[in-house]
Amino acid sequence: MDRAQKEKVVEELGQIFESSGVVVVAHYTGMTVAQMQDLRAKMREVGGSVRVAKNKLAKIALEGKPGAQMGDLLTGMTVLAYSEDPVAAAKVTEAYAKTNEKFVILGGSMGGEVLDQAGVKAVASMPSREELIAQIVSCIGAPASNIAGAIGAPASNIASILSTIEEKAAA
């Protein structure tokens, strides 16, 4: 890799560190190509990506960025999993680490905060953006459906009383 290519990689990594909601750093020693492709596919499903880069270049890209202390995690064979959604990459990597013992989460960063393994696990347990939107919509919609039920209830009660009276009159 010549100097121009290295500069390009540093620039790309800098963009990743700035624009991503969360970046997870993990060791992948011993993983097969098929396993890595599986991880990449799972990350793509949630709108994230996986990137393997030289640690030295990643550390250079981190200089001056909010999560610069994350550079301490970049030792050995590391992979970066990242997504714009602050929860998606953490959820996928946490789930993948449970099924593959060769994939070991070291930590990561979320915004300017550096996360350890427990921090990544905590972020992974949070609801995703879509789940939060669904919860908010259901909370907003629940009172309206309750009101509609309350308004419709007296009419249905009256209708059932009238049908009971008709049945008694007919008998």
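Just so you know, these numbers come straight off a predicted model, no measurement behind them.

A short note on the overall build of the chain
Point 1. Broken down by element type, the chain carries six helices and five strands.
Point 2. Ordered by position from N to C terminus, the α and β elements of the chain give α-β-α-β-α-β-α-β-β-α-α.
Point 3. Residues classed as buried in the chain amount to 36% of the 171 residues present.
Point 4. Counted over contacts in the chain with a minimum sequence separation of 6, partners at least 24 positions apart contribute 78%.

Regarding the pattern of salt bridges
Point 1. For the coordinates displayed, the defined rule picks out three salt bridges.
Point 2. A salt bridge links Arg51 to Glu12; its shortest N-O distance comes to 3.2 Å. Of this pair, Arg51 sits in strand β2 (residues 48-51) while Glu12 sits in helix α1 (residues 3-19), and the two are 39 residues apart along the sequence.
Point 3. The class for Glu12 is partly exposed, based on a relative accessible area of 31%.

Here we look at α1
Point 1. The first and last C-alpha atoms of α1 sit 24 Å apart over 17 residues, in line with the 24 Å expected at 1.5 Å per residue.
Point 2. Of the residues making up α1, those classed as buried are Val9, Val10, Leu13, Gly14, Ile16 and Phe17. Seen from one end, α1 has its buried residues packed into an arc of 160°, which puts them on one side. Residues of α1 that are exposed and point over 90 degrees away from its buried face: Ala4, Lys8, Glu11 and Glu18.

Observations concerning the nonpolar core
Point 1. Grouped together as the largest cluster of nonpolar side chains are 21 residues, with contacts concentrated most on Val24, Met36, Leu39, Met43, Val79 and Phe103.
Point 2. Within the residue set of this core, elements represented by two or more residues are β1 (22-27), α2 (33-45), β3 (78-83), α4 (88-99) and α5 (117-125).
Point 3. Of the residues forming this core, the biggest block, four residues, is contributed by α4.
Point 4. Those residues in contact with Met36 that lie beyond four places of it in its chain are Tyr28, Met31, Val50, Val52, Val79 and Tyr96.
Point 5. Membership of the second largest hydrophobic core comes to 18 residues, among which are Phe17, Val23, Ala53 and Leu57.

Let's talk about the sheet that holds strand β4 (residues 104-110)
Point 1. The antiparallel open sheet is built from five strands, whose spatial order is β2-β3-β1-β4-β5. Strands at the two margins of the open sheet, each flanked by one partner only, are β2 and β5 (113-115). Taking each pair of neighbouring strands and ignoring which way they run, the sheet shows an average axis angle of 20°.
Point 2. Strand direction decides the pairing type here: β4 and β5, joined by three bridges, are antiparallel. For Met110, the partnering residue across the bridge sits in β5 and is Glu113.

Observations concerning the packing of α4 against α5
Point 1. At a closest axis distance of 8 Å, the pairing of α4 and α5 adopts a crossing angle of 110°. By the angle between their axes, α4 is roughly perpendicular relative to α5. Here α4 and α5 pass one another in a crossing that is left-handed. Contacts between α4 and α5 involve Ala90, Lys91, Thr93 and Glu94 from the first element and Val120, Lys121, Val123 and Ala124 from the second.
Point 2. Residue composition of the contact of α4 with α5, grouped by class: four nonpolar, one polar and three charged.

Considering the pairing of β4
Point 1. When you tally the buried positions in β4, you get five out of seven residues, the bulk of the element.
Point 2. Note: β1 against β4, six bridges, orientation antiparallel. Bridge assignment links Val25 to a residue of β4, and that residue is Gly107.

Cut-offs applied
Residues numbered from 1 in each chain as written. Predicted model: local features only at pLDDT ≥ 70, side-chain atom pairs only at ≥ 80, totals over all residues. Heavy atoms only, no water. Helix = DSSP H or I, 4+ residues; strand = E, 2+ residues; numbered from the N terminus. Buried < 20%, exposed > 50% of the residue type's maximum accessible area, 1.4 Å probe, protein only. Contact = heavy atoms within 4.5 Å. Salt bridge = Lys/Arg side-chain N within 4 Å of Asp/Glu carboxyl O. Expected span 1.5 Å × (residues − 1). Arc of directions from axis to C-beta. Core = buried A, V, L, I, M, F, W, Y, C linked by side-chain atoms within 4.5 Å. Pairing = 2+ DSSP bridges. Axes fitted to C-alpha atoms, helices over the stretch in contact; angles between N-to-C directions. Parallel < 35°, antiparallel > 145°, perpendicular 65-115°, else oblique. Left-handed = near helix turned anticlockwise from the far one by under 90°. Nonpolar A, V, L, I, M, F, W, Y, C, P; charged D, E, K, R; others polar.

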